[in-house]
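The chain contents come next:
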Amino acid sequence: MFFDEFTKSQLAYWPLARNNYEHLRNVIYRTIDFEGFQIRIQHNPDRIQSAVAKIDEQSIKARACFLCKGNIPPEQASFDYNPTLDIRVNPYPIFDRHYTVPAKQHIPQLIKGHFQDMLAIVQTYPEYTIFYNGPRSGASAPDHFHFQLAARHIMPLETDVNSCPKEILWISESRKTTIESIHHYLRKNIILHSNNREQLMDIFEQLLSLVGQITPNDPEPMMNLFAWYENNEWWVVIFPRRQHRPWQFFAEEDENILFSPGCVDFAGLIISPREKDFNRLDAPLLEELFSQLTLTDEQFKNLRFMIKKDIKNR
């Protein structure tokens, strides 16, 4: 209820946000069928800025941080969630309830020390899913730590974790925490679910260490990360990555495809700002695009082996 009132107030007071949320009424969708699951594509021209965001060090230094409180529009309000995090209406929405959760301080986009915040937020607001784009995995502000929030069950991933066949990789001795993976999902994935916060935090730290051995990338491995809370359990999904954008993103003319996926795309809702890309995407092309970004079969085989061998109960 609070979020509804907060959003209503912001849209009444902030013309940019109001116009962009009204534009959501006009977005169109297509659905592409794969064996055992679907991917939806949303044509959303307002997301063009995020899709083409320059995240190299020089470009980041040349612009003011749009998540720092001193640089946000005067109309944008911040809800004080806790001593380190705010919650704000996202002015360039993908969903009709879309929020940014930025750090109060200008600190880098690194998950270390913040995973417990993900768990706390979704336990407080179980009607929402929280997600985190790594600094080289779709974050348009890799210089300022932030999460995003969306209403539950909008992204196909949340249905797929229950409906798709999964391989069990590890179960704790107490059987309170499980690590699994969806088979044949285009995007290599690791799924945790647990009713024990402390054990889940410990297992997550171990997993990050193992992923970092497969795809070294200082200071953290490339990934997209989700969490939600349901039936007194946390669900956490990690998509380890090896690349940010496919070669088609940088190609010229007809070969160019504006495909720069972050969390939402990896969760099965592809955001396509350009109409020609929206019409062009099909199952073989999506397989080819994601194959460049997700772990290779060999990398994921090694990671699964390490999980089964090296994850410890502590």
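On a predicted model such as this, the values are computed, not experimentally measured, just so you know. (Residues numbered from 1 in each chain as written. Predicted model: local features only at pLDDT ≥ 70, side-chain atom pairs only at ≥ 80, totals over all residues. Heavy atoms only, no water.)

**A look at helix H7 (residues 197–214)**
Then, in step 1: Given a rise of 1.5 Å per residue, 18 residues ought to cover 26 Å, and the 26 Å separating the end C-alpha atoms of H7 matches this to within 8%.
Then, in step 2: The set of residues buried in H7 consists of Gln199, Leu200, Asp202, Ile203, Phe204, Gln206, Leu207, Leu208, Leu210, Val211 and Ile214.
Then, in step 3: The N-cap residue of H7 is asparagine 196: its side-chain oxygen and the backbone nitrogen of glutamate 198 are 3.2 Å apart. (Helix = DSSP H or I, 4+ residues; strand = E, 2+ residues; numbered from the N terminus. Expected span 1.5 Å × (residues − 1). Buried < 20%, exposed > 50% of the residue type's maximum accessible area, 1.4 Å probe, protein only. Polar contact = N/O pair within 3.5 Å; in protein donor to acceptor, adjacent residues only side chain to side chain.)

**Points about the side chain of serine 194**
Then, in step 1: Examined against the element boundaries, serine 194 turns out to sit in strand E10 (residues 190–194).
Then, in step 2: What makes serine 194 buried here is its relative accessible area of 0%.
Then, in step 3: From its side chain, serine 194 meets the backbone nitrogen of asparagine 196 in a polar contact 3.0 Å long.
Then, in step 4: Apart from residues no more than four positions distant in its own chain, serine 194 is found in contact with Lys176, Thr177, Leu200, Glu233 and Trp234. (Contact = heavy atoms within 4.5 Å.)

**Overview of the sheet that holds E10**
Then, in step 1: Read across the open sheet, the 10 strands follow the order E3-E4-E5-E7-E6-E11-E12-E10-E9-E8; overall the sheet is antiparallel. The open sheet has two edge strands with one neighbour each: strand E3 (79–80) and strand E8 (166–171).
Then, in step 2: Against the sheet, helix H1 (residues 2–13) touches E3, strand E4 (86–89), strand E5 (98–102), strand E6 (128–133) and strand E7 (146–151), its axis set at about 55° to E4. (Pairing = 2+ DSSP bridges. Axes fitted to C-alpha atoms, helices over the stretch in contact; angles between N-to-C directions.)

Don't take any of this as a statement about function, it's just geometry.
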